[in-house]
Every structure is written in structure tokens, then in C-alpha cells.
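One-letter residues, chain by chain:
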Amino acid sequence: MRFEALSFDFLASARSLLARTLRAGLPSVALLILFSSFVCSPARGDVGVVLNESLDTSVARITGSGHSAVYFSRVCPDGPVKLRLCTAGENGSVMSNYTTLGEDQPFEWNVVPLNIYLYGVEDPAQRPVYGSEKIKRALEERYRENYLAGYCEGKICRTGNGSEWREMVGATLERSIYIFIVATTVEQDQELIAKFNSLPNENHFNGATRNCADFTRRVINSYFPRAVSPDYINDFGMTSPKAIARSFSRYAQRHPESQYRALHYAQLPGRIKRSTEARAGTEQLYHSKKLLVPMLIFADHELPFVAASYLLTGRFNPEHESEEHPTVEVTDASHQIDRAKAVGDEERVKELEAIRQDRRAEVVGTSKEWNDYKRAFSMVVEEAVRNEIIPNPKYLDHFYRRLESAGTLAIDSNGASTMQVANQVEAIHVGLSADNIVAPGSDAGLAYVLMLTRINRVLKSPKHSRETMAEFRNDWALLQEARVKIIDVDSNAALPGIAMRSNVAAAIGKN
């Protein structure tokens, strides 16, 4: 397949969808739908179990447990510690508790707007295109100034890295996230709001008996009694985030009316260490070499039990779940297939399976589609080297570091980020957000290399760290928009020539 045919077919479809969205004047939820695989609809209420991958820091290096939180589509923040029904145009929220939020009062939980939680900004169109500690810290400070007045005035809250309200701002900059979602009624949402607004919001966190997963269990079971439960055998008497996610997904699949889907938000490519898959207790022992050796030495009799428990009762793959149930339509098709099989209607099974695979591929993609993009991207990189836009393919591996070392970060009032880089002649700017990277005033050469770097990282990522195909198609459209600003496709020559190349080389460096 020729590169031009592949790139411009996808460019046309992605840009057409975006143009229709913008021309319709839809609120930010429409962009969230476009970029985030159809999270929610204002007309439908949802609640979901959020499973965050492990940051592989501190105790998490041993437990690998990750973090648990709760997603609402129709419940929104009235400040960080009070709930209300969402109004038109709002995308819902995420509610969570931590060891210590670090605020001036010891709150048990905070709630933040969904887009703030995922991207650190209200409008997903202004989400950063890559993640770094600098960008995340800037977004955290913006959130503190805009949302935490009166709650975060003390020095520890304002400056302490251990203040865990920071974990609720731009979470996808530092880890991948899964959300397992079912539908709710307005009455259920109202009852939840009344209950948590009336209860004391006081922190009594305990890692063994009152941790983040226990909190999620309490919230979800307020909607659906006994829908989620711990796995005391595989988690050694505690409640783990993965056990809650597993039990909730099983509950949802037992209830076809629940409109179940499982969404995946990959960690942004960037300079922050990659998160690792969340694991239950026996799963961590089974997979971790650091723990396996001590087990062989000191508990060799228990090791077979640990392995058997995990293999027989503890296995759950969030990535597989998100691939099998990416939308309500795909889940519904699966239920219809089961009913058709039960009555022996093989023709209907084939018809429904074709529909299911088509709908699934719209979000997840197919192996062929990913491989086609990889081949096309290798041609793009070769072209960039041939035109001296980058010196070699490995240049992309360290471009984020070079850019941050050479530039000064700025965040505007809406949360959109830019980088100013001083070259030998002038200061140049490049947008770092999805809506400004190819906007007027953003340096075309830097924007192109930035998108090359992002796509290079995505295509090299394992599945649990790779964004959905629905999101990647938008990345590809941005890459092509940046490309046509500096490459003449017909003559295959760099339009701005030496001036464009000197901006990148002088400002960022060649090696």
C-alpha cells in the first residue's frame, strides 16, 4: 500500500469527522467522544470502576496493585468535596481517596471533573500531546489555583509532593487507565449524591481494611448491592483494585441490560516512567522475579498454592476486556450472539459476529491496520531523514528531552501548553496541545518532529501502553497536517528549505 493512499484516506476520514463536530457547535463532550472512544452521552448516566496501572514507585514496586477510583457520567463536582448532578455540556467526574490528599482538612475523598482527571484540562482538545514532570506539575498548579482555593492553603498541600490531590490531575500523563462502566438511573445518581453529601468526609485510610479499593467497593455497592467484592484468597485478606475491577466486569456481563463497556486510556508518550500492569497479590508473586526468589527460599511449600490460586481463580486481563467490550454496541452484539447460539441460528451468529468485529475495529483496530500504519510510518521517517528534517531515526528517541532542555514551558488560562525555544536568530514557539500543535504561530518543523516522536512511541508500545486505534487515527491526521506544511508531496521537497531545518537543528540539536 502506498504511503500517500493510506495517509490521506485516514486523514480525510478523521478531519471530516472533526469538521462535522465543530460545525455542529457541539460542547466539549463531543470532542471527548471523538478522542476518547465514546465515553458517555449526556442523556445517559453511568458509573464505572477506574483501574489505574501501578506507578512502580515506593510500596507499589512490591505490591504492583495500582489504584482504584470511581467514574460518574452524570455526577459532577460542586467543589472538591461535594457532589451534584451534571449540567449540559459537562462530562462527569472521578471520585477517589488516597492515603492522604494533603489538604488543609483530612478529607477521605475528592472529586474532580473527568477531563481534569484524565488530561489535566477541562477541554480534551487542549490535552497535552506528551507527558513530562514539568507539564504535569504546571497543570497541577493550575488546578490548585482554580479549584482548591480554601482547601489547599498550607505549605504541605501547596508544595508537598506527597499531597495526593496531585494524583487526580492529568493521571494519563503518568499511567494507563481502564474504566469498566455500566448504566445508572437518575434516581440512583441522586441517592448517591445525597448519601455522600450527608456523610462525614473524614480520612480513615487503612491499607489493609480501608484502602482505595475498599472505597470504590463501597461506592459501587451503593448503586448495585454486592456487585463488587474482594478476592481475599488471591489478595491475602485485603481488597485490591484489580479484584474490584474483575468482580464488577463479571457482574456487568451477567446483566445484559447494564450497557457494559470497558475503556482504555493509555499513558501519554513522554518523559515520565511507564506505568506497569496492575496486579492482584498472587499474580504479583507469580510474575515478579524479585518476590519469586524469596518465596523459593523461605516459602517453597506455599508457592504451588500461590500459583494454582492465581491460575485457577485470579486471572483477569484489563486490556483483553477493553478490546472485547470497547462500546455498548459491541457488548450488545456479544449478548445477541450468545442468544443466537442458544437457539442454533448459525446464520444469525455469522451476521452478528461480522457486525461485532466491524464495531470493535472502529475503536481497537485490527492487526493488519496497525501493521499498515507501522509500514507507512517507517516511510515517513525515511522521508524526514532524506529531507534532513531529522538526522536519523534514533533522533526521535530523545527528542522530548532535547525539547524540554532547550525550551521554556508555558500554560495558558485554558490549560493549553506551549514551548518557547530560542534559536540563533529568534524565539520560536511550538504548541504542545492537541488543538494548538499545528495552529498558526506553532513552528511547523518542531510540530512535525513532535508528532513523529509521539507516533514513534505509540507504535513501539505494548498493548497495555498503546492508545486505541480511534485515538491513533487522530494522531495520524495531526501528523499529516504538520507534514503538508513543510513537505511538498508532489515533488517530495522541503518547502521552507534551510530555514525550517535550521530552526529545528539550531534550537534542539542534531545528536
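On a predicted model such as this, the values are computed, not experimentally measured, just so you know.

**Q** What is the right way to look at the environment of L139 in this model?
**A** If you trace the backbone, L139 turns up in helix α5 (residues 133-147). Considered as a pair, L139 and I411 are 272 residues apart in the sequence and their alpha carbons are 7.6 Å apart.

**Q** Even after reading the chapter, I still don't get the sheet that holds strand β10 (residues 417-422), so can you show me in this structure?
**A** Strand pairing within a sheet occurs via backbone hydrogen bonds; the two strands may be parallel or antiparallel. Pairing is antiparallel in the open sheet, where 3 strands are placed in the order β9-β10-β11. Both edges of this open sheet fall to β9 (407-411) and β11 (427-431), since each of them pairs with a single strand only. This sheet shows a mean twist of 25° between the axes of neighbouring strands, independent of strand direction. Where β9 lies against β10, 5 bridges are found, and the strand directions are antiparallel. In the strand pairing of β10, G407 is matched with V421. Lying on the sheet, helix α17 (residues 399-406) is in contact with β9, β10 and β11; it crosses β10 at an angle near 70°.

**Q** Sorry, what's going on with the packing of aromatic side chains here?
**A** The description of an aromatic ring pair uses the distance of the two centres, along with the angle that the planes make with each other. Throughout the structure, instances matching the rule amount to 17 aromatic pairs. Ring centres of W370 and F472 lie 5.2 Å apart, and the angle between their planes is 50°; on these two criteria the pair is classed as tilted. Here W370, found in helix α16 (residues 367-386), pairs with F472, found in helix α19 (residues 469-486); they are 102 residues apart in sequence, far enough to count as distant. Assessed through its relative accessible area of 4%, W370 is described here as buried. Look at Y373 and F472: their rings are 4.9 Å apart centre to centre, the planes differ by 80°, and that puts the pair in the edge-to-face class. One end of the pair, Y373, is in helix α16; the other, F472, is in helix α19, and 99 residues separate them in sequence. Both residues of the pair, Y373 and F472, count as buried.

**Q** Looking at this structure, how should I read the pairing of strand β8 (residues 261-265)?
**A** On a regular strand, one side chain projects to one face of the sheet and the next to the other, so that they alternate. The buried fraction of β8 is high, at 5 of 5 residues. Side chains R261, L263 and Y265 of β8 all project onto a buried face; the interleaved residues A262 and H264 project onto the opposite face, where all are buried too. One ladder, built from 5 bridges, connects strand β7 (residues 177-184) with β8; its direction is antiparallel. The residue of β8 that forms the bridge with Y178 is H264.

**Q** Please explain the pattern of salt bridges as it appears in this structure.
**A** For side chains bearing opposite charge, pairing can occur when the charged atoms are close. One pass over the full model with this rule turns up 28 salt bridges. The salt bridge partner of R261 is D46, with a shortest N-O separation of 2.9 Å. Here D46 lies in strand β1 (residues 45-52) and R261 lies in strand β8, a separation of 215 residues in the sequence. You'll find R261 and D46 in the same group, each marked buried.

**Q** Honestly, the sheet that holds β7 in this entry has me stumped. Any pointers?
**A** The 6 strands are arranged β6-β5-β2-β1-β7-β8 in an open sheet whose pairing can be described as antiparallel. One side of each edge strand has no neighbouring strand; the edge strands of this open sheet are β6 (110-113) and β8. Each neighbouring strand pair of the sheet contributes to a mean axis angle of 25°, computed without reference to strand direction. The strands touched by helix α8 (residues 212-223) are β1, β2 (67-72), β5 (93-96) and β7; relative to β2, the strand with the most contacts, the crossing angle is about 30°.

**Q** So what exactly am I meant to see when it comes to the state of the cysteines here?
**A** Linking two cysteines covalently through their sulfur atoms gives a disulfide. Applying the stated criterion across every chain yields a total of 2 disulfides. Across the disulfide, C76 is cross-linked to C86 (sulfur-sulfur distance 2.0 Å). Its torsion about the S-S bond being 95°, the disulfide of C76 and C86 is classed as right-handed. Taken together, the residues span a long stretch of sequence, with C76 in strand β3 (residues 75-77) and C86 in the loop between β4 (83-85) and β5 at a distance of 10 residues. Taken as a pair, C76 and C86 share a single burial class, namely buried.

Each value, and the rule that gives it
Residue indices follow the written sequence of each chain, beginning from 1 at its first position. Given that this is a predicted model, residues contribute local features only at a pLDDT of at least 70 and side-chain atom pairs are listed and counted only at 80 or more, while totals for whole chains, interfaces and linings are drawn from all residues. To get the side-chain values, all heavy atoms of the structure are used, and hydrogens and water are removed first. The way it works is that DSSP assigns letters per residue, a run of H or I at least four long becomes a helix, a run of E at least two long becomes a strand, and they are numbered from the N terminus. Should DSSP find at least two bridges between two strands, the strands are regarded as paired. Interaxial angle, 0 to 180 degrees, is taken between N-to-C directions of lines fitted to C-alpha atoms, where a helix line uses only the stretch in contact. It only takes one pair of heavy atoms within 4.5 Å for two residues to be counted as in contact. Stacked, tilted and edge-to-face pairs are distinguished by plane angle, under 30 degrees for stacked and over 60 for edge-to-face with tilted covering the rest, among Phe, Tyr and Trp rings (Trp via its six-membered ring) whose centres lie within 6.5 Å. Exposure categories follow from relative accessible area, calculated using a 1.4 Å probe and restricted to protein chains: below 20% of the type maximum is buried, above 50% is exposed, and the middle band is partly exposed. A pairing counts as a salt bridge when a side-chain nitrogen of Lys or Arg comes within 4 Å of a carboxyl oxygen of Asp or Glu. Defined by distance alone, a disulfide is two cysteine sulfur atoms within 2.5 Å.

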